[in-house]
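Below, each chain spelled out in residue letters.
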Amino acid sequence: MADLRQKTGIPELDELLSGGLLPGKLTVVLGATGIGKTQLGLQFAEAGLQQEGQTGVLFDMATRGDSQSHSDYAERLFQWKLREQLVDAPFDLDQIWDAETRTDYQHLFRQSGRRVTRRDMELDEWKEWKLEFVKKLDAAIAFFYSNFVHGVRRAVIDGIEPTDRPSDSFQFHAFEYVYHQILRKEYDWVARDLFRAQFRSHQAQIEQHRYDFQQIGCLLLLTTHEVMLDDLIQRPIESGDVLSNANTIILMGKIREGNRMSRALHVAKHRGSAVDESLVPYEIHESGLKLLT
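Residues numbered from 1 in each chain as written. Predicted model: local features only at pLDDT ≥ 70, side-chain atom pairs only at ≥ 80, totals over all residues. Heavy atoms only, no water.

An unreviewed UniProt entry lists the chain under the name Circadian clock protein KaiC, from Gimesia maris.

Printed below as a string of structure tokens:
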């Protein structure tokens, strides 16, 4: 029987996870800015090339102007040149069936530079966020669907800013829609949302390119205020929080060793498998993350 777990691209982490991550489930990686989350996400996405025959896709939800450095990391780590699907560019639905036009990166709210938590916004600003998301939604559906029909089975979602209450964050509202209404929805219903009035004319191709959404793994990278790993471990999980619905939670933070600081990760949750409770030190090299087990 084939191993159904998705390898992370980090052999030592796969061992901690009893072989890897479960497709069809949500994995959340938490850590402060600069701790190595993006490198881990890219290693997971690139590992899809060996296991599923296609690299995963990167969906950037950052709203600030500075870059997440996805392209730089991908090229340095794997000589992988990311192909971007622009949100505001016209998209030809007929191109979806052409594998050569597949892209692997999309930045949803490029250079918005606006506040994302409801307590920091007036009601009109909150409504503007919703309207902007609705305008960009078709591009997001097209991005994911055009990848899934060509064998992509990994989605990495990055760029969500830290907030004390996820329910107050517009980014979390947008993520919940993407996760439940695109990633966790039957292929034909996603196609209906995308093609709309043209659904019937594309139905034969839709059936030829059917896929099982339960084979798609989602890795969500969350930036936190907490820097120290101990603080992340003590962080409470609220009922209804995205963390409470995750199958796997990986924490990445700083630890103190005598008079020096280093990095370590901890698998806080991994449903359905035995989990090593260790705090595992890691280093970031030119080739990516390496656990020091």
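Now, onward.
*Asks:* Talk me through empty space enclosed by the protein; I want residue IDs and the actual numbers.
*Replies:* This structure, assessed with the given rule, holds 1 cavity of 30 Å³ or more. Size it by volume and the largest cavity reaches roughly 90 Å³. What lines the largest cavity is a set of 13 residues, among which Thr163, Phe172, Leu222, Thr223 and Arg235 lie closest to the centre. Residues that form the lining of the largest cavity fall into these classes: 7 nonpolar, 3 polar and 3 charged. (1 Å grid on protein atoms, 1.4 Å probe; cavity = no way out; pocket = protein on both sides within 12 Å on 5 of 7 lines; lining within 4 Å. Points joined across faces, edges and corners; volume = space filled by probe spheres on them. Nonpolar A, V, L, I, M, F, W, Y, C, P; charged D, E, K, R; others polar.)

*Asks:* Tell me about the confidence of the model for the chain, residues and numbers included.
*Replies:* Residues of the chain with pLDDT of at least 70 account for 91%, and the chain-wide mean is 89. Here helix H4 (residues 123–148) is the element of the chain with the lowest mean pLDDT, 86, and helix H6 (residues 187–195) is the one with the highest, 97. (pLDDT = per-residue confidence, 0-100. Helix = DSSP H or I, 4+ residues; strand = E, 2+ residues; numbered from the N terminus.)

*Asks:* Which residues make up the nonpolar core, and what are the values?
*Replies:* Formed by 58 residues in total, the largest nonpolar core has its most connected members in Phe144, Tyr145, Phe175 and Phe195. Contact partners of Tyr145, with chain neighbours within four places excluded, come to Ile96, Trp97, Tyr187, Val190, Ala191, Leu194, Phe195, Ile206 and Tyr211. Ile10, Leu16, Met252 and Tyr282 belong to the second largest nonpolar core, which has 27 residues in total. (Core = buried A, V, L, I, M, F, W, Y, C linked by side-chain atoms within 4.5 Å. Buried < 20%, exposed > 50% of the residue type's maximum accessible area, 1.4 Å probe, protein only. Contact = heavy atoms within 4.5 Å.)

*Asks:* So what about the environment of Thr101? Which residues, and what values?
*Replies:* Summarising the element assignment, Thr101 is placed in the loop between helix H3 (70–78) and strand E3 (105–107). The partly exposed category is assigned to Thr101, whose relative accessible area is 32%. C-alpha separation for the pair Thr101 and Asn147, spaced 46 residues apart in sequence, amounts to 9.6 Å. A polar contact of 2.9 Å, which involves the side chain of Thr101, links it to the backbone oxygen of Gln95. (Polar contact = N/O pair within 3.5 Å; in protein donor to acceptor, adjacent residues only side chain to side chain.)

*Asks:* Run through the packing of aromatic side chains, naming residues and quoting values.
*Replies:* Here the structure, examined in full by the defined rule, presents 12 aromatic pairs. Taking 5.8 Å as the distance between ring centres and 10 degrees as the angle between the ring planes, the aromatic pair formed by Trp97 and Phe195 counts as stacked. A residue pair is termed long-range when its members are at least 10 positions apart, and Trp97 in the loop between H3 and E3 and Phe195 in helix H6 qualify at 98 residues. The residues Trp97 and Phe195 share a single accessibility class, namely buried. Put simply, the rings of Phe59, Trp97, Phe143, Phe144, Tyr145, Phe148, Tyr187, Phe195 and Tyr211 touch in pairs and so form one group of aromatic residues. Directly above the ring of Phe44 sits Arg154, whose terminal nitrogen or CZ lies 4.6 Å from the centroid. Residue placement shows Arg192 over the ring face of Trp189; its charged tip is 5.0 Å from the ring centre. (Phe/Tyr/Trp six-rings, centres within 6.5 Å; stacked < 30°, edge-to-face > 60°. Lys NZ or Arg CZ within 6 Å of the ring centre and 35° of its normal.)

*Asks:* I'd like a rundown of the sheet that holds strand E1 (residues 26–31), residues and numbers included.
*Replies:* Spatially, the 9 strands line up as an open sheet ordered E3-E2-E4-E5-E1-E6-E7-E8-E9, and their pairing is mixed. A strand with exactly one partner marks an edge of an open sheet, and here the two such strands are E3 and strand E9 (288–291). Adjacent strand axes in the sheet meet at a mean angle of 25 degrees, parallel and antiparallel pairs treated alike. (Pairing = 2+ DSSP bridges. Axes fitted to C-alpha atoms, helices over the stretch in contact; angles between N-to-C directions.)

*Asks:* Describe the UniProt feature "domain: KaiC-like" (unreviewed entry) in the chain, and please don't skip the residues or the numbers.
*Replies:* Residues annotated by UniProt as "domain: KaiC-like" (unreviewed entry) correspond here to residues 7–58. With 40% helix and 15% strand, residues 7–58 has its two end C-alpha atoms placed 17 Å apart. (UniProt positions renumbered as here; feature names shortened; annotations may be inferred.)

*Asks:* Can you lay out the pairing of E1 for me, pointing to particular residues and giving the numbers?
*Replies:* Regular strands place side chains that alternate from one sheet face to the opposite one. Where burial is concerned, most of E1 is hidden: 6 out of the 6 residues are buried. On E1, burial covers both faces: Leu26, Val28 and Leu30 on one face and Thr27, Val29 and Gly31 on the other are all buried. Note: E1 against strand E5 (residues 217–223), 6 bridges, orientation parallel. Of the residues in E5, the one forming a bridge with Leu26 is Cys218. Here E1 pairs with strand E6 (residues 248–257) via 4 bridges, running parallel. For Val29, the partnering residue across the bridge sits in E6 and is Ile250.

*Asks:* Pulling in residues and values, what's your account of helix H2 (residues 37–51)?
*Replies:* In this model, H2 (15 residues) spans 21 Å end to end at C-alpha, consistent with the 21 Å of a helix rising 1.5 Å per residue. Three or more residues of H2 are buried, namely Lys37, Thr38, Gln39, Leu40, Gly41, Leu42, Gln43, Phe44, Ala45, Ala47 and Gly48. Looking one or two residues past H2, Gly53 carries a phi angle of roughly 90 degrees, positive in sign. (Expected span 1.5 Å × (residues − 1).)

*Asks:* For the packing of H6 against helix H7 (residues 199–208), give the residues involved together with the corresponding values.
*Replies:* Packed helices, taken two at a time, are described by the angle their axes make and the gap between the axes. Here H6 crosses H7 at 145 degrees, and the two axes come no closer than 11 Å. Helix-helix and strand crossings are classified by hand; for H6 and H7 the assignment is right-handed. Packed against H6, whose contacting residues are Tyr187, Asp188, Ala191, Arg192 and Phe195, the element H7 presents Phe199, His202, Ile206 and Glu207 at the interface. Here the residues of the contact of H6 with H7 sort into 5 nonpolar, 1 polar and 3 charged. (Left-handed = near helix turned anticlockwise from the far one by under 90°.)

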